[in-house]
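# Descriptive analysis of the structure
Listed below are the residues making up each chain.
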Amino acid sequence: MEIDLVLNELSLQNPTSDKQTARQWMSNFINTIKAVKAQGVKVYLRTKDNFHTTILAPDYPLRRWLNDPEVDQVERGFIRTLATGSPFSTNIANSDIQEIENNAGLSEFWHQGETAIGLGIAYMLDAIAVSLLFEECWDLSHLELAARRIDEDGEVIDYIVEIIHVSRSNHVQEHAQWIQKRIRTGVIDGEDLWNRRKELFPNLEFCENVSKQIQNLYCRTPMLRQVVNKLFELENYCKTWTDGACDLDLIPSKATPESDSRLQKLKLKLTFKCPDDVHRIFSLHLRMTGAGAWRLHFSEELGPDKIIIGYIGPKIQ
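Residues numbered from 1 in each chain as written. Predicted model: local features only at pLDDT ≥ 70, side-chain atom pairs only at ≥ 80, totals over all residues. Heavy atoms only, no water.

A separate point is the overall build of the chain. When its secondary structure is counted, the chain shows 12 helices and 17 strands. Its C-alpha radius of gyration of 22 Å places the chain within 12% of the 20 Å reference for a compact globule of 317 residues. Based on the C-alpha atoms only, the size of the chain along its principal axes is roughly 70 × 40 × 30 Å. Put simply, the chain has 317 residues, and 52% of those count as buried. Long-range pairs, those at least 24 residues apart, make up 68% of the contacts in the chain with a sequence separation of at least 6. (Helix = DSSP H or I, 4+ residues; strand = E, 2+ residues; numbered from the N terminus. Rg over C-alpha atoms; globule rule 2.2 N^0.38 Å. Buried < 20%, exposed > 50% of the residue type's maximum accessible area, 1.4 Å probe, protein only. Contact = heavy atoms within 4.5 Å.)

Have a look at this one:
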């Protein structure tokens, strides 16, 4: 199992004043990453710019640290062999690169008033943000971000999100349960997700047409994580839904039906053949945050404790 760590570029804005402190904070940074690896996962570090040009102290970039004889050789070797990707979009499908690097005009994130690209990427990937501890403001195991997105109707929506963050090894210990859950429920790509659907989502039924929609999701993309998260929201709700009608308010994400005008216009496109060979209209849907106009359509008609997934993809037009 591999977990993305996303480097918080804001934590590099104010390097320390001397080499000795820089060496100490690099040791702390390495110990933090090792603590994540000790949870039984591989680590991939995403960075905004060439990581090796990071300025640690005056006239002391990371590249010089890597050749500093006063730095422990094992630590230097660890950084040299650490799997890193620059820019943030490395190994992300082309369809997601523009959204991530330029936010595609759809999503923006700020931390204490400053544009936070890396922290925003960590949120969209449902990954762990990691900082060099040059300042006390990064000595936190969670960070709050102000976020803004523009939905498909052009409406500007402002909201607050919280992300998992580490800058010390003890922060990692606070997230041990989250990491272990990710190991149990993590998927490699859409094909892996589809093959494990009965194991991960025993209370969800999937229409046949959803097979390709899921299997076409690429490895380690915001869309894959969004789909997985939405499916788990529905699965977890089903576990508590024992009788009565489906209570949409108990689903963490906002679930809404299509408008009457869209239903009249798109009735055939919103109708899908279900596993029980019944054709149903899938009006209810969840929207994907930070994922453009994608939607997950579902039906609660088999309930209680059972939900059918009818469609996952761009907004049906």
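There's plenty left to go through after this.
Moving on, we come to the sheet that holds strand E12 (residues 255-256). In space, the five strands of this open sheet follow the order E11-E17-E16-E15-E12, with mixed pairing throughout. Unpaired on one side and paired on the other, strand E11 (204-206) and E12 mark the two borders of the sheet. Judged from the three bridges that link them, strand E15 (residues 285-287) and strand E16 (residues 294-299) form a sheet pairing that is antiparallel. When the sheet's bridge partners are listed, His285 is paired in E16 with His297. (Pairing = 2+ DSSP bridges.)

Take the nonpolar core next. With 40 residues, the main nonpolar core has Leu193, Phe298 and Ile309 as its most contacted residues. Every residue in contact with Ile309, bar those within four places of it in the chain, is listed here: Leu204, Glu205, Phe206, Cys207, Val210, Leu231, Leu234, Phe282, Leu296, His297 and Phe298. Ranked by size, the runner-up nonpolar core spans 33 residues in total, among them Leu45, Leu62, Trp65 and Ile79. (Core = buried A, V, L, I, M, F, W, Y, C linked by side-chain atoms within 4.5 Å.)

Structurally, Thr185 can be placed in helix H7 (residues 176-185). Only 2.8 Å separates the side chain of Thr185 from the backbone oxygen of Lys181, close enough to count as a polar contact. Other than its neighbours up to four places away in sequence, Thr185 contacts Arg196, Leu200 and Phe232. (Polar contact = N/O pair within 3.5 Å; in protein donor to acceptor, adjacent residues only side chain to side chain.)

Those residues of helix H3 (residues 73-81) not exposed but buried are Glu75, Arg76, Phe78 and Ile79. For H3, the angular spread of the buried residues around the axis is 155°, confining them to a single face. Of the exposed residues in H3, those oriented more than 90 degrees away from the buried face are Gln73, Val74 and Thr81. Taken together, the buried residues of H3 touch helix H1 (19-37) and helix H2 (62-65). (Arc of directions from axis to C-beta.)

This paragraph deals with H1. With 19 residues, H1 should reach 27 Å at 1.5 Å per residue; the first-to-last C-alpha distance of 27 Å fits that figure. Put simply, Asp18 is the residue that caps the front of H1, since its side-chain oxygen is 3.2 Å from the backbone nitrogen of Gln20. (Expected span 1.5 Å × (residues − 1).)

This paragraph deals with the packing of aromatic side chains. Summed over all chains, the structure comprises eight aromatic pairs. Centroid distance Phe272 to Tyr311: 6.0 Å. Interplanar angle 5°. Geometry classified as stacked. With Phe272 in strand E13 (residues 271-273) and Tyr311 in strand E17 (residues 307-314), this residue pair connects regions lying 39 residues apart in the sequence. For the pair formed by Phe272 and Tyr311, the shared burial category is buried. Put simply, the rings of Trp194, Phe201, Phe206 and Phe232 touch in pairs and so form one group of aromatic residues. For Lys34, the ring lying beneath its charged end belongs to Phe78, and the centroid distance is 5.4 Å. (Phe/Tyr/Trp six-rings, centres within 6.5 Å; stacked < 30°, edge-to-face > 60°. Lys NZ or Arg CZ within 6 Å of the ring centre and 35° of its normal.)

Take the environment of Cys274 next. With respect to the element layout, Cys274 can be found in the loop between E13 and strand E14 (279-281). Taking the C-alpha atoms as reference points, Cys274 and Arg23, 251 residues apart in sequence, are found 60 Å from one another. Excluding residues within four positions of it along the chain, Cys274 makes contact with Cys207, Arg280, Phe282 and Ile308.

On average, residues of the chain score 88 in pLDDT, and 91% of them reach the 70 mark or higher. Here residues 93-105 is modelled with pLDDT under 50, and outside its nearest four sequence neighbours on either side it reaches 25 contacts, counting other chains as well. (pLDDT = per-residue confidence, 0-100.)

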